Amino acid sequence: MDHHRLYLQGDDATPERLREILAREGFRVLDAQEAAPANARIMVELDASTPREAARRIEELERTALELRNLDVAKSQFLTNVSHELRTPLTAIVTYGEILRDGLLGEITERQGEAIESMIGSCRQLLGMIEEILTYARTNAPAIDIRPAEFPLEEVVESVRDMNASLLERKGLRFATELGEDAVHVWADRDKVAHVLGNLIGNAIKFTPEGGWVRVMGSAAAGQPGWVQVQVEDSGIGIDREHHELIFREFAQVDASRSRVHHGTGLGLSIARRFVELHGGRIWVESDLGKGSRFSFTLPCTQPADEDADEPASGGASGA
């Protein structure tokens, strides 16, 4: 009986989904070893007594990988279609709610105004979740264009802070920014960095009790010349160590119960990781339950020597 080892390539979101399908089909799935080819994520061992048997098993493996790819495409298309269909009526509800709230159709009582304001807020929350789902569907495209340019990191941090100013004030949270001279500028896609910081800062505010603090720090990445390390730290509820990897998975929720206090799609950190990795960086978390969290990610701060500043960079990963 001969043993065959096959390495499967893909992005960081692929292995967990692919492992489930491979295990279901009876393949032995192992972690890729140090000697594995670049971009290899998992290793599959095949046992076959003849070359024909080995070829049959490899064909099964290719069919299984294709099944995963097709399922991903169908899922992304479904999410896009449903999200678009939901966004239109929700936008109409917000518009008519604002008309009622502003008294354009007649005077309303104080209690009626409070109810309408609550309705508008809930619809906007749903619209935000729908936008996150659409962003996720777009990140699953075979290739995503990133348009890097040099920009001040502090401007993006302050912009995200301003968008969350009312919530910071309502919860009485202190917000601080500490950027070293070596982290003043980054070379990245501004919109995608804003999305990453918006998610991390938004989560920090959401999961920090009243009277706490949120801090954004930046400095040169240790041992990585030309790179900056950005950190978003808070004094919030923290995350159990066993969930550190889970929170970066698609649709994952540490508390998946219907009675959970904090709601969301479970896609924010998955999208953030995708955007950071498109720049060649990485993102990780340091946290203990009840002791706050510190999310860190790296970004280039100088233009690569072989990159034409006038051409958009393109990032992507091969399918499984």
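If you're wondering where the values come from, they're calculated on a predicted model, not measured in any experiment.

1. Some remarks on the packing of helix H3 (residues 110-139) against helix H7 (residues 268-278)
And then number 1: Packing of H3 against H7 brings their axes to within 10 Å, and their N-to-C directions diverge by 40°. In this structure, H3 crosses over H7, and the sense of that crossing is left-handed. Contacts between H3 and H7 involve Glu132, Thr135, Tyr136 and Thr139 on the former and, on the latter, Gly268, Ile271, Arg274 and Phe275.
And then number 2: Looking at side-chain class alone, the contact of H3 with H7 contains three nonpolar, three polar and two charged residues.

2. Regarding the pattern of salt bridges
And then number 1: Applying the stated criterion to the full structure yields nine salt bridges.
And then number 2: A salt bridge links Glu117 to Arg101; the nearest nitrogen and oxygen atoms lie 3.6 Å apart. Of the two residues, Glu117 sits in helix H3 while Arg101 sits in helix H2 (residues 51-101), which places them 16 residues apart along the sequence.
And then number 3: Judged by relative accessible area, which is 29%, Arg101 ranks as partly exposed.

3. A closer look at the side chain of Asp189
And then number 1: Along the chain, Asp189 turns up in the loop between strand E7 (185-188) and helix H6 (190-206).
And then number 2: Among the polar contacts listed, one links the side chain of Asp189 to the backbone nitrogen of Asp191, at a separation of 3.1 Å.

4. Describing the nonpolar core
And then number 1: Leu197, Leu200, Ile201, Phe295 and Phe297 are the most contacted members of the largest nonpolar core, which totals 43 residues.
And then number 2: Top element by residues in this core is H6. It accounts for seven residues.
And then number 3: If near-sequence neighbours (up to four positions away) are discounted, Phe295 is found in contact with Leu200, Val230, Gln231, Val232, Ile239, Ile247, Phe248, Leu269, Trp284 and Val285.

Thresholds, definitions, all that
- Residues numbered from 1 in each chain as written.
- Predicted model: local features only at pLDDT ≥ 70, side-chain atom pairs only at ≥ 80, totals over all residues.
- Heavy atoms only, no water.
- Axes fitted to C-alpha atoms, helices over the stretch in contact; angles between N-to-C directions.
- Helix = DSSP H or I, 4+ residues; strand = E, 2+ residues; numbered from the N terminus.
- Left-handed = near helix turned anticlockwise from the far one by under 90°.
- Contact = heavy atoms within 4.5 Å.
- Nonpolar A, V, L, I, M, F, W, Y, C, P; charged D, E, K, R; others polar.
- Salt bridge = Lys/Arg side-chain N within 4 Å of Asp/Glu carboxyl O.
- Buried < 20%, exposed > 50% of the residue type's maximum accessible area, 1.4 Å probe, protein only.
- Polar contact = N/O pair within 3.5 Å; in protein donor to acceptor, adjacent residues only side chain to side chain.
- Core = buried A, V, L, I, M, F, W, Y, C linked by side-chain atoms within 4.5 Å.

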